[in-house]
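Structural description and commentary
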Amino acid sequence: MTFPHNFTFRDKSLYPLWDKIRVGERLSKEDGLGLFASDDLIGVGRMANAVARAKSGDSVYFVLNRKLEPTNICVLSCKFCDFAVKPDSPEAYEMTIAEMLSKLRPDLHEVHITGGLHPKWPWEFYIDMVRQIKTQFPNVDVKAFTAVEIDFFSKKFKKSHEQVLRELQEAGLRTMPGGGAEVFSERVRKHLFHQKIGAKTWFDVHRTAHRLGIQSNVTMLYGHIETIEERVEHMLRVRECQDETNGFLSFIPLAFQPGDTGIKTRNDFTSAVDDLKTIAVSRLMLDNVPHIKAYWVMLTAEVATIALSFGADDMDGTVGEERIAHDAGAISPMELAKGKLISIIHDAGKLPVERDVWYNPIAVYPKPEWSVVSKMPYLNSVPFYNSFPEYSTIVKLAPLAPRVFGKLSEQGSVAAGPMSLRDYMSMSDEFERLDYGVAVKGKANSVLLFSKYDWPELSGKKISITAETSTSVELLRVLLENRFGINNFVFHRTHPTDGSHDYSNFDAILLIGDEALRRAYGGGIPGFGKVFDLAEEWYAWKEMPFVFAVWAIRKGTTENARKEILQSLEHSLAEPANRFGKIGREHGARLGMSEAEVSDYLSQFRYRFTLEEYAAMAEFEMEYANLNSTDRVEQAFSLSEGF
Ligand code: V47
């Protein structure tokens, strides 16, 4: 999706910033300060909303989660914290693992564990905590321990950060929360939390986690003694680290709750204007962080709703019995029911998407009058969406990778989109096919098998399959079995964690979409010297294009929605071919591609189908039917991701 041109700003100084954002140019520190200084809050918010929409469509994510704070006993005494106490305090508490387990339910998808730095608990207790949760609640993913806790464990138990993280990961830790970052300023640290780790150690821990495939969040505590410049510098440090690791999932501005901290008077909460501006500036500065979280516990549900139109695309979750903010006087309830979260998101005109810890959509909850359109989150699908209206009351866009789109379509909750060929083949009775899709004759450049071996040697080998694919994995299987006669390979579904996944146990890796492009244009994957383009292999074999996706609309979609979808699509594809240059300027940098490379890449795709594409589809359908046994290989998938 490209950005709207027609914003009018009350504050004229916003125009040059919008010009930069529209062409994918990064904002500087001065730009960040300018955004904070502007009193055109609505202008700043509209830009942030447009950026959020380009990333997440109309989706706002939430997770059914539960916060666990196993103890409030802490060896530190940070001035801003009203939660921590000393062991002899009458308020001190310690939970047993059984107590922790009693707070969880099987329908949760995330448990968020952080707490005080306990002086006595042994290492085994933490490992046991994570392991028992994972064993008793396999669907509940563990997001646990801030960098402050990891560093504390490392010092106390004399293990490196890497060792601590690896052992927790083995026990079942999936991601890390973003706490303990506070504000990355030595001045503030000396005043408010001089015993706590500084920015360097905080980033060292997260860098190590990202390298091990543990993605994480990053917070910013604002509204106390920090300056605006320190907020902007904080964001810039996050952006710099993200350029290096690509391991942050979300950025979470946390509004300071004064409580009895003595830093501010009790009821001196941050203003709604400051909260909204901070969310919006975060979205605009952090171009490389996928999500901005409006943490309703600290913002209040009312401000969080509005934040969803100011750049935030995540509401965190149901939470339950949160103590850190409430001990410091937070006035929000302790828990939001799922239904309440959904209605808050609806009130903002956005589409609630229930997710897991990695932002894989599990379910979508449109209002009855809305039709959900899948926005394929890949560069090659950008040309479909340029003319979808900036705001629609009937069509809502959700970025869904092919396999998730297929699953949600089976649930009946998606109305239209470029459906993966394999899913279209199995649901063709329920969907009307349009003459649009994604096909390529020859190289696709973004469906790649990175391999240590040539095709004939892949016999008996272990192949990592990105969890996102639906059709490409079948194309790979068709090529292996029907073209090269190899039957005894093992496919293992792996969640793509961008730059951070550890592929060392595999012989080959199938990647698709932007992750494939990023790897290909970034010099490949070390150790995997051969790169096979599956569409090129298909062409060499069949001399036909390969069809990856077919635009389809669910039968029974309202006539109004159908009309809007068809018109938007037709308009988008009718734009002159030189639009690819514009897409290149907006998207190239994040993928490590030049404008010309993006243009060349997009020019090879066929978006309007002719008989040639339909013949190619029929050919693939035949090859697919000829596979020895689809079930056998499906069973070989070890579904390492949680959905
Ligand atoms: O690091 C402490 C903050 C954080 C106060 O990763 C306070 O998904 C406001 O990190 N007023 C812990 N904030 C919470 C946290 C978090 C929350 C939600 C989601 C995620 C995530 C992470 O709470 C601490 C500190 O910065 N905090 N005291 C206070 N008085």
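These lines cover the structure that appears in this document, whether it is placed above or below. Worth saying up front: this structure is predicted, and the values here are computed from it rather than measured. (Residues numbered from 1 in each chain as written. Predicted model: local features only at pLDDT ≥ 70, side-chain atom pairs only at ≥ 80, totals over all residues. Heavy atoms only, no water.)

This paragraph deals with the overall build of the chain. Scanning the chain for helices and strands turns up 25 helices and 22 strands. Computed over its C-alpha atoms, the radius of gyration of the chain comes to 25 Å, within 12% of the 26 Å expected for a compact globule of 643 residues. Counting only C-alpha atoms, the chain reaches 75 × 60 × 45 Å along its principal axes. Here the chain, with 643 residues, has 63% of them falling under the buried criterion. Considering only residue pairs separated by 6 or more positions, the chain has 78% of its internal contacts joining residues 24 or more positions apart. Just so you have it, the chain exposes about 23,500 Å², and 51% of that area is on carbon and sulfur atoms. Each charge class in the chain can be summarised by its mean position, and for the 75 positive and 88 negative side chains these summaries are 2 Å apart. (Helix = DSSP H or I, 4+ residues; strand = E, 2+ residues; numbered from the N terminus. Rg over C-alpha atoms; globule rule 2.2 N^0.38 Å. Buried < 20%, exposed > 50% of the residue type's maximum accessible area, 1.4 Å probe, protein only. Contact = heavy atoms within 4.5 Å. Areas by Shrake-Rupley, 256 points an atom, 1.4 Å probe, with all protein chains shown as cover. Lys, Arg positive; Asp, Glu negative; His and termini not counted. Charge placed at Lys NZ, Arg CZ, Asp CG, Glu CD.)

With that settled, consider the pattern of salt bridges. Inspection of every chain in the model, using the stated rule, returns 45 salt bridges. Arg53 is the partner of Asp58 in a salt bridge, and the nearest nitrogen-oxygen pair spans 3.0 Å. The exposure classification of Asp58 matches that of Arg53, with both residues buried. Taking the shortest distance from any N to any O, the salt bridge between Lys542 and Glu619 comes out at 2.7 Å. In this pair, Lys542 is assigned in helix α20 (residues 534–542) and Glu619 in helix α24 (residues 611–625), connecting sequence segments 77 residues apart. (Salt bridge = Lys/Arg side-chain N within 4 Å of Asp/Glu carboxyl O.)

With mixed pairing, five strands are arranged side by side in an open sheet as β18-β17-β19-β16-β20. Taken across any chain shown, the strands that pair with only one partner, and hence form the sheet edges, are β18 (490–494) and β20 (530–533). Here the average twist between neighbouring strands, direction ignored, is 25°. Along the sheet face, helix α18 (residues 472–483) touches β16 (447–451), β17 (462–466), β18 and β19 (508–512) and points at about 165° away from the line of β18. (Pairing = 2+ DSSP bridges. Axes fitted to C-alpha atoms, helices over the stretch in contact; angles between N-to-C directions.)

Bringing the sheet that holds strand β11 (residues 361–364) into the picture now. Spatially, β9-β1-β10-β11 is the arrangement adopted by the four strands of the open sheet, whose pairing is mixed. The outermost strands of the open sheet, each flanked by one partner alone, are β9 (314–317) and β11. Averaged over all pairs of adjacent strands, the angle between strand axes in this sheet comes to 30°, irrespective of strand direction. Pairing analysis gives two bridges linking strand β1 (residues 59–63) to β9, with the strands arranged parallel.

A word on helix α2 (residues 29–37). Among the residues of α2, those classed as buried are Asp31, Gly32, Leu35 and Phe36. Seen along its axis, α2 keeps its buried residues to an arc of 140°; they face one direction. Along α2, exposed side chains directed more than 90 degrees from the buried face belong to Glu30 and Ala37. Each element contacted by the buried residues of α2 is listed here: α1 (14–22), α3 (41–56), α10 (228–245) and α11 (272–285). (Arc of directions from axis to C-beta.)

Another aspect to go through is the site of the ligand. Close to the ligand lie 22 residues, the nearest being Lys143, Gly180, Glu182, Gln257 and Lys293. The separation between a nitrogen atom of the ligand and a polar main-chain atom of Phe80 is 3.1 Å. For the ligand, an oxygen atom lies 2.7 Å from a polar atom in the backbone of Gly180. Compared with its free state, where it exposes 610 Å², the ligand has 97% of that area covered by protein. In this structure the site holding the ligand corresponds to the largest cavity. Per-class residue counts for the shell around the ligand are eleven nonpolar, seven polar and four charged. (Near = heavy atom within 4 Å. Polar contact = N/O pair within 3.5 Å; in protein donor to acceptor, adjacent residues only side chain to side chain. 1 Å grid on protein atoms, 1.4 Å probe; cavity = no way out; pocket = protein on both sides within 12 Å on 5 of 7 lines; lining within 4 Å. Sits in = over half its atoms within 2 Å of the grid points. Nonpolar A, V, L, I, M, F, W, Y, C, P; charged D, E, K, R; others polar.)

Membership of the largest hydrophobic core comes to 122 residues, with the highest contact counts inside it found for Phe145 and Met315. For this core, the leading source of residues is helix α5 (residues 123–136), giving seven residues. For Met315, the contacting residues outside a window of four places in its chain are Val60, Tyr61, Phe62, Ala294, Trp296, Ala304, Leu308, Leu341, Ile344 and Ile345. In terms of nonpolar packing, the next biggest core, distinct from the first, is built from 89 residues, Phe388, Met425, Leu434 and Val438 among them. (Core = buried A, V, L, I, M, F, W, Y, C linked by side-chain atoms within 4.5 Å.)

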